[in-house]
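Survey of secondary and tertiary structure
Okay, here's what each chain looks like letter by letter:
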Amino acid sequence: MTLQEAKVLDYETPPPRPANYTAFVVEYLGLVLALVGLIVIFGLRSRSFFSPATFRTIANQIPATVIVAVGMTYVLIIAGIDLSVGSVLALSGAVLGVLMKEYHLSLFVAMAAALGTGLLCGLVNGIVSVRWRLPSFIVTLGMLEIARGLAHMVTESRTQYIGSAVGVIAATSLAGLSLPFIIAILTALLGQLVLSYTVFGRYMVAIGTNEEAVRLSGVDPRPVKIAVFAIVGVLCAVAAIIDTSRLESAAPNAGAGLELQVIAATVIGGTSLMGGRGSVIRSLFGVMIIAVLGAGLATLGARDETKRVVTGCVIVAAVILDYYRHRLGRRSR
Amino acid sequence: MPPPLLQLRLLSKTYPGVRALADISLDLLPGEVHALVGENGAGKSTLGRIVCGLTHSDSGQMLLRGQPYSPASRPDARRLGVGIVMQELNLIPTLTVAENVFLSRMPRRLGFIDYATINSQTRQILRALGLTDIEPDRMIASLGVGQQQMVEIAGVLSRKCAVLILDESTAALTSRETDLLFGQIRRLKSERVAIVYISHRMEEIKRIADRITVLRDGKLIATHQADEISIDEVIRLMVGRELGEASPCQRTPGPVALRVENLRCGNVVRDVSFQVHRGEILGFAGLMGSGRTETMRLIFAADRRDAGHVYLHGSSTPARIRSPRDAVRAGIALLTEDRKQQGLLLPMSIRANITLPKMSAVASVAGWISGGKERTAAHRYARVLSVRARSTEQSVVELSGGNQQKVIIARWLYRDCDILIFDEPTRGIDVGAKFEIYRLLSDLAEQGKAIVVVSSDLQELMAISDRIAVMSAGWLAAIFPRGQWTQDSIMAAALSGYRAAAV
């Protein structure tokens, strides 16, 4: 930046709100193009892609993944990671199922218990990693096993078939949109608003950027970090409620592999694994891209193994792309 | 006189913003111990690093045994017979002594490391050095710092060198270990090895050196035979002539704002006590490693202290400050030494960097940030400090060092702290911005803030401080009021902790 461009800020009033539209469009354009591109490619390759069955598959998968992706976006932003989301989902679902099936408690009480379970798991993740300064990778890896084991213990490794008492949530629709879908969208919107416009969101980004600088500025990063993990836990429970409702049953192996799907979605959405950068809305796009990819491959007759290979390649490609985007951004400065 | 072993001709090196070395020409004779002295930033370590291949000069030439010598890297220099032992240890703590000594040249048998050989050879090396209490199979991490330093020295000495550079390598040694080292140095001398001895420790230099070269501001000031010059004269050459002090600020300090008593942390900060008044600038001078930054971090609770109390605003009960958050709430601000790593949120905007410590002022109770309030506040403080930028939305990573520093200062002004601790506030900043910051510090003092400035630039401290405290080897050696200091006396105080019997 030359001396001519730089000047002392000397107007009486601050400049008007900056219009960052170009950057905004560029960031989202890539994702939108990718999504549209995928839809077009699959639509052309297979007649059955644009079918109610496909849309129903996608629409069913998305809500739970989106909700967890909101939490995962937060965790990645503070430069952490949560590998236990699938297991916590299973445990929360298991608690919900067992309380309704074995103990015949009402839906509301069981939901409260499920949310509490998710919250507890999240708090444990957060407190352990903060108090002993352990990498969240390790702590949540432990929770992955613990929660999964507990889910099996609670259900005695049997799927709990509950029925319409829980199915009512998934079955409800408002203005043609299913309740889970609405919850997912609202969660994403709220998640993005909190991230962009609240002090908590600012702290998250700052902590992920330079935690030590935040600490030395007099802001204690520890409660924020613990809160983020707690939020993820609760969101996993919400996703569990939705999934359990959709299937009208709670299975102890629910959510297997969810963590990788969600991490893939957030990374494709441009959230940095290094922390300090991310967007819930973009993660939403990431979820849709992964869902469309999976459904599209299925309509092409691809086997599960093939889907996994392709999804894995897409994730790596997304991270490499992110690396170049980062460098381009830095060089233009 | 024998022909010189190593000849340096017009070596120069410039780092961004600072001339580290300017046309240094020096001859090193075989079998001599040549001491290199100078203040912080005088260029001693830079010179050592260039000679041993760690970095390259911008211009100039080096000749080893009359042949052009320009090592590409440290191992390259090593092969040519030039080695260095630095203060930062190059050891791997989780490996054993023998493994470290032989790290780059492991003898193998059938693909496996020949432990028998390296252990026995290392034992011989250690015994030859007089280190009878270190076994070759001990893990480095289990040794004391002094012992680790000796192991590093042993490793370097075990391979034949023609030129050996010792950069502050006695910093961690006990007097017994220093004696052992000096014994080795004398042995090397008899083997016609040339030794460059970089140190602050005047007594040691007097003991061991044949010639002394003084550097100042990257220039070679003088070279003398060690027995022809006194320590006081060396000090005088190190600091240069007395410069007229900048217009003294006529400030009357107010009541005591900060009182520090018996602050202690290991060997790094030893029983430090002082006070700072409102409306006063207290400068902190001292050599690198004297404990100034560490002291400030202890006051701010960025690090945990072993002992000591902090009293605020004349209170008789110690303030309860256990984390930077407590410190900031109590009205203390710390502008860290390393603004890039510990201060700035580099990719984020000027605005975000300024408002960080007190977001409650620009947000509602529920936590929603008011964009307008925040922009206004950030803009106001950026303007007060004359931050040069396109707008407060600009990312701080794009700003010059001086402007980055101003953003951090703006942050603390926004937070409204009464006690401001600045650690190297003008490091890496061009001259124009430096004077702006001096003026700013003066204004802040006039507003009644209590200010502490840690700086390695003695001229700077003498220009802006009302009093100067001098730290040396973790002790608070002296506090000079304005008008009662001289460069010599400050430097002597800064060296005093190292002159005392080593612990």
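Residues numbered from 1 in each chain as written. Chains lettered and ligands numbered in written order. Predicted model: local features only at pLDDT ≥ 70, side-chain atom pairs only at ≥ 80, totals over all residues.

Side note on the overall build of chain B
Put simply, the rule reads: Numbered from the N terminus, helices here are DSSP runs of H or I no shorter than four residues, and strands are runs of E no shorter than two. We compute the radius of gyration from the C-alpha atoms alone; for a globule the expected value is 2.2 Å times N to the 0.38, where N is the number of residues. Around each residue's C-beta, the other C-beta atoms within 10 Å are counted; 20 or more make the residue buried, 12 or fewer make it exposed, and counts in between make it partly exposed. All C-beta atoms are placed from the backbone. Contacts here follow a simple rule: the backbone-placed C-beta atoms of the two residues must lie within 7 Å.
Assigned secondary structure in chain B consists of 17 helices and 22 strands. For 503 residues, the compact-globule estimate of 2.2 N^0.38 gives 23 Å, and chain B sits close to it at 25 Å. Based on the C-alpha atoms only, the size of chain B along its principal axes is roughly 70 × 55 × 50 Å. Within the span of chain B, comprising 503 residues, buried residues form 48% of the whole. Expressed as a percentage of contacts within chain B between residues at least 6 apart in sequence, the contacts between residues at least 24 apart total 68%.

Comments concerning the overall build of chain A
Broken down by element type, chain A carries 12 helices and 5 strands. For a compact globule of 333 residues, the expected C-alpha radius of gyration is about 20 Å, and chain A comes in at 21 Å, within 12% of that figure. If one aligns the C-alpha atoms of chain A with their principal axes, the spans along those axes are about 75 × 55 × 40 Å. Of all 333 residues assigned to chain A, the portion counted as buried reaches 47%. Contacts in chain A between residues far apart in sequence, at least 24 positions, make up 78% of those at least 6 positions apart.

Concerning the confidence of the model for chain A
The condition that has to hold: Note: pLDDT gives the predictor's confidence per residue, expressed from 0 to 100.
Looking at chain A, the pLDDT average stands at 86 and 90% of residues meet or exceed 70. Looking over chain A, one finds the lowest element-wise mean pLDDT in strand S1 (residues 7–8) of chain A, namely 50, and the highest in helix H4 (residues 107–131) of chain A, namely 96.

So, helix H9 (residues 292–299) of chain B
Residue and element names in this part refer to chain B. Judged by how many residues are buried, H9 sits mostly within the fold: 8 of 8 residues are covered. Those residues of H9 lying buried are Arg292, Thr293, Glu294, Thr295, Met296, Arg297, Leu298 and Ile299. Count one or two residues on from H9 and you reach Ala301, which has phi positive near 65°.

Concerning the domain arrangement of chain B
All names here are of chain B. Stated precisely, the cut-off is as follows: Domain borders in the structure are assigned automatically or taken from a domain database. Here the term charged refers only to Asp, Glu, Lys and Arg, the term nonpolar to Ala, Val, Leu, Ile, Met, Phe, Trp, Tyr, Cys and Pro, and the term polar to all other amino acids, Gly among them.
Here chain B is described as being made up of domain 1 (6–239), domain 2 (245–331 + 419–503) and domain 3 (341–416). Just the C-alpha atoms count here: the centres of domain 2 and domain 3 sit 26 Å apart. Contacts between the two partners involve 10 residues from domain 2 and, on the opposite side, 9 residues from domain 3. Sort the elements by how many residues they give to the side of domain 2 that touches domain 3 and helix H15 (residues 431–446) lands first, with 4 residues. Its residues assigned to classes, the side of domain 2 that touches domain 3 shows 7 nonpolar, 1 polar and 2 charged.

Quick notes on the interface of chain B and chain A
Counting residues at the interface gives 39 residues for chain B, matched by 29 residues for chain A. Listing elements by their share of the side of chain B that touches chain A, those giving two or more residues are helix H10 (324–329), helix H13 (371–384) and strand S18 (388–389) of chain B. Looking at the side of chain B that touches chain A, the element that brings in the most residues is H13 of chain B, giving 6 residues. Residues that form the side of chain B that touches chain A fall into these classes: 20 nonpolar, 10 polar and 9 charged.

Focus: the sheet that holds strand S1 (residues 6–15) of chain B
Residue and element names in this part refer to chain B. Applicable threshold: Any two strands with at least two DSSP bridges between them are considered paired. Note on method: axes are straight lines fitted to C-alpha atoms, helices fitted across the in-contact stretch only, with angles between N-to-C directions ranging 0 to 180 degrees.
Ordered in space as S2-S1-S4-S5, the 4 strands form an open sheet in which the pairing is antiparallel. With one partner strand each, in any of the chains shown, strand S2 (18–28) and strand S5 (67–68) form the two edges of the open sheet. Pairing of S1 with strand S4 (residues 59–64), which is carried by 5 bridges, proceeds in the antiparallel orientation. Across the sheet, residue Leu8 finds its bridge partner in S4, namely Met62. Each of S1, S2 and S4 is contacted by helix H1 (residues 44–51), which is oriented at about 60° to S2, the strand it contacts most.

Regarding the sheet that holds strand S15 (residues 281–286) of chain B
Residues and elements named next belong to chain B. Spatially, 6 strands are ordered S17-S19-S20-S15-S21-S22 in an open sheet, and the strand pairing comes out mixed. Looking at strand neighbours, the two that pair on one side only are strand S17 (332–335) and strand S22 (475–481), the edges of this open sheet. Neighbouring strand axes in the sheet, compared pairwise and without regard to direction, differ in orientation by 20° on average. Note: strand S19 (residues 419–423) against strand S20 (residues 450–454), 5 bridges, orientation parallel. By the bridge assignment for S20, Leu420 is matched with Ile451.

Details of the environment of Asp167 of chain B
Residues and elements named next belong to chain B. Among the structural elements, Asp167 can be located in strand S9 (residues 163–167). When the C-alpha positions of Asp167 and Ala478 are compared, they lie 27 Å apart, and in sequence the two are 311 residues distant. Excluding residues that lie within four positions of it along the chain, Asp167 makes contacts with Ser45, Gly48, Ile84, Val85, Met86, Gln87 and Ile198.

Considering the confidence of the model for chain B
Residues and elements named next belong to chain B. On average, residues of chain B carry a pLDDT of 87, and 96% of them reach 70 or more. Every residue in residues 242–247 is under pLDDT 50, and counting partners more than four places away or in other chains gives 6 contacts. The ipTM, which scores confidence in the relative placement of chains, is 0.85 for this predicted complex, and the corresponding pTM is 0.77.

What to know about the environment of Val145 of chain B
All names here are of chain B. Residue placement: Val145 occurs in helix H5 (residues 145–157). Here Val145 falls in the exposed class, since 12 other C-beta atoms lie within 10 Å of it. A C-alpha to C-alpha distance of 6.1 Å links Val145 and Ala172, two positions 27 residues apart in sequence.

What to know about the packing of helix H3 (residues 85–101) of chain A against helix H5 (residues 136–155) of chain A
Relative placement of two packed helices is described by the angle separating their axes and the distance separating the axes. Residues and elements named next belong to chain A. Definition in use: If an angle is under 35 degrees, it is roughly parallel; if it is over 145, roughly antiparallel; if it lies from 65 to 115, roughly perpendicular; otherwise it is oblique. Left-handed is the label given to a crossing in which the near helix is rotated counterclockwise from the far helix by less than a right angle, and right-handed is the label when the rotation is clockwise.
For the pair H3 and H5, interaxial distance at closest approach is 8 Å and the crossing angle is 20°. Classified by the angle their axes make, H3 and H5 are roughly parallel. Every pair of crossing elements has a handedness; the one defined by H3 and H5 is left-handed. The segment H3 lies against H5, with Ser87, Val88, Ala90, Leu91, Ala94, Val95, Gly97 and Val98 engaging Met143, Leu144, Ala147, Arg148, Leu150, Ala151, Val154 and Thr155.

Thoughts on the pairing of strand S13 (residues 256–265) of chain B
Side-chain positions along a regular strand alternate between the two faces of the sheet. All names here are of chain B. Where S13 meets strand S14 (residues 269–277), 6 bridges bridge the pair, whose relative direction is antiparallel. Each bridged residue has a counterpart across the sheet, and for Leu258 the counterpart in S14 is Val276. Counting the residues between successive antiparallel strands, the hairpin from S13 to S14 contains 3 residues, one of them, Gly266, with a positive phi of roughly 55°.

Notes on the packing of helix H6 (residues 164–171) of chain A against helix H9 (residues 221–247) of chain A
Residue and element names in this part refer to chain A. Taken N-terminus to C-terminus, the directions of H6 and H9 make an angle of 110°; their axes are 7 Å apart at the nearest point. In terms of orientation, H6 lies roughly perpendicular with respect to H9. Packed against H6, whose contacting residues are Val166, Gly167, Ile169 and Ala170, the element H9 presents Ile241, Ile242, Thr244, Ser245 and Arg246 at the interface. For the contact of H6 with H9, the class distribution of residues is 5 nonpolar, 3 polar and 1 charged.

Focus on H13 of chain B
All names here are of chain B. Note the threshold: Take the residue count of a helix, subtract one, and multiply by 1.5 Å to get its expected span.
Spanning 14 residues, H13 covers 20 Å between terminal C-alpha atoms, matching the ideal 20 Å at 1.5 Å per step. All of the buried residues along H13 are Glu374, Arg375, Ala377, Ala378, His379, Tyr381 and Ala382. Tucked into the core, H13 has its buried residues touching helix H12 (350–355) and helix H14 (401–415). Among the residues trailing H13, Ser386 stands out with phi positive, at a value near 55°.

Examining the environment of Ala410 of chain B
All names here are of chain B. Considering the arrangement of structural elements, one finds Ala410 in helix H14. Residues Ala410 and Val384, 26 residues apart in the sequence, show an inter-C-alpha distance of 8.0 Å. In this structure Ala410 touches Ile354, Tyr381, Ala382, Leu385 and Val387, once residues within four positions along its chain are discounted.

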